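Commentary on secondary and tertiary structure
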Amino acid sequence: SARVGRNRPRSAGNGYTLAGFADFCADLVLDNRSRMVLEPFQRRLLRGHFKGAQEVVCLLPKKNYKTTMMAALALFHIREIGDAECVIGASSRDQAGILFRQAEGLVRRSELPEFDVKTGYREIRYRGGRMRVLAADAATADGVIPTLALVDELHRHPSGDLYGVFRDGLEARDGHMITISTAGFN
């Protein structure tokens, strides 16, 4: 499902587009040392976001590289959007750590020194922008004003509070949100 916002994300680089994201992914090195390929189903999942939908909800089965895709999208977003604030809400501290380590690994293996990894803070910075990963605790996110909020496994969050905090912060910077869940699949 998607809700269309006022504007599409504003690009500070060569184009915040689905094609630009696919090109960015092709330069990323995965855990198995192969290059990342954005699959057709992933393109379909992200099409609404790149067309300007303010909120996108994706339901998909487990083991479809959703964490890797979200990590790559967060990196692309902070590279392409000026002064980006990309926040990622995970269901638990462990899940948040997995997503952060995936993004950190993409930076390291792909030899992207322009990204500044702050492991202790679970942040990655690029010029004036940053991505940071938060566990599902709304108190840790008070006052967040994201340009992009990524919500991982919403059905596993202890409550909808973090989602609500992210959602409330979208309007201030014409932010966008993508929620991915495996709920309903066996």
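The rules behind each value
Residues numbered from 1 in each chain as written. Predicted model: local features only at pLDDT ≥ 70, side-chain atom pairs only at ≥ 80, totals over all residues. Heavy atoms only, no water. Helix = DSSP H or I, 4+ residues; strand = E, 2+ residues; numbered from the N terminus. Buried < 20%, exposed > 50% of the residue type's maximum accessible area, 1.4 Å probe, protein only. Contact = heavy atoms within 4.5 Å. Areas by Shrake-Rupley, 256 points an atom, 1.4 Å probe, with all protein chains shown as cover. Core = buried A, V, L, I, M, F, W, Y, C linked by side-chain atoms within 4.5 Å. Axes fitted to C-alpha atoms, helices over the stretch in contact; angles between N-to-C directions. Left-handed = near helix turned anticlockwise from the far one by under 90°. Nonpolar A, V, L, I, M, F, W, Y, C, P; charged D, E, K, R; others polar. Salt bridge = Lys/Arg side-chain N within 4 Å of Asp/Glu carboxyl O. Expected span 1.5 Å × (residues − 1). pLDDT = per-residue confidence, 0-100.

1. Focus: the overall build of the protein chain
- Regarding its fold elements, the protein chain presents five helices and eight strands.
- For the protein chain, the N- to C-terminal ordering of α and β elements is β-α-α-β-α-β-α-β-β-β-β-α-β.
- Across the 186 residues of the protein chain, 55% fall into the buried class.
- The long-range share in the protein chain, meaning contacts at least 24 apart out of those at least 6 apart in sequence, stands at 74%.
- Counting every atom, the protein chain has about 8900 Å² of accessible surface; 48% of that belongs to carbon and sulfur.

2. A few points about the nonpolar core
- Ranked by size, the top nonpolar core spans 47 residues in total, and within it F21, L73, I88, F115, I124, M131 and L150 carry the most contacts.
- The contact partners of M131, leaving out residues within four places of it in the chain, are A74, L75, I78, C86, I88, A103, R122, E123 and I124.
- V87, V144, F166 and M177 belong to the second largest nonpolar core, which has eight residues in total.

3. Section: the packing of helix α2 (residues 40–50) against helix α3 (residues 66–80)
- In contact at an axis separation of 13 Å, α2 and α3 are set at 35 degrees when each is read in the N-to-C sense. When you trace α2 past α3, the crossing you get is right-handed. Across the interface between the two elements, Q42, L45, L46 and F50 from α2 touch M69, L73 and F76 from α3.
- When its residues are assigned to classes, the contact of α2 with α3 shows six nonpolar, one polar and no charged.

4. Structural notes on the pattern of salt bridges
- All told, the structure shown has seven salt bridges when counted by the stated rule.
- When the shortest N-O distance is used, the salt bridge between E80 and R79 registers 2.7 Å.
- The partner of E123 in a salt bridge is R130, with the nearest N and O atoms 2.8 Å apart.
- Classification of E123 by relative accessible area gives buried; the value is 7%.
- One salt-bridge network, in which partners are shared between bridges, spans E85, E123, R125, R130 and R132.

5. Some remarks on α3
- For α3, built from 15 residues, the straight-helix expectation of 21 Å at 1.5 Å per residue is met to within 8% by its first-to-last C-alpha distance of 21 Å.
- Of all 15 residues in α3, 14 are buried; the element is thus mostly enclosed.

6. A closer look at the environment of D174
- By the secondary structure assignment, D174 is in the loop between α5 (161–169) and β8 (176–181).
- Separated by 28 residues in sequence, D174 and P146 place their C-alpha atoms 8.5 Å apart.

7. With respect to helix α4 (residues 93–109)
- Compared with an ideal rise of 1.5 Å per residue, which puts 17 residues at 24 Å, α4 spans 24 Å between its outermost C-alpha atoms and is within 8% of the ideal.
- Burial analysis of α4 places 12 of its 17 residues in the buried class, which makes it a mostly covered element.
- One or two residues past the end of α4 sits E111, with phi positive at roughly 55 degrees.

8. Topic: the confidence of the model for the protein chain
- Averaged over every residue, the pLDDT of the protein chain is 80; residues scoring 70 or more account for 77%.
- Throughout residues 1–14 the model reports pLDDT below 50, and contacts reaching past four residues in sequence, or to other chains, amount to 45 contacts.

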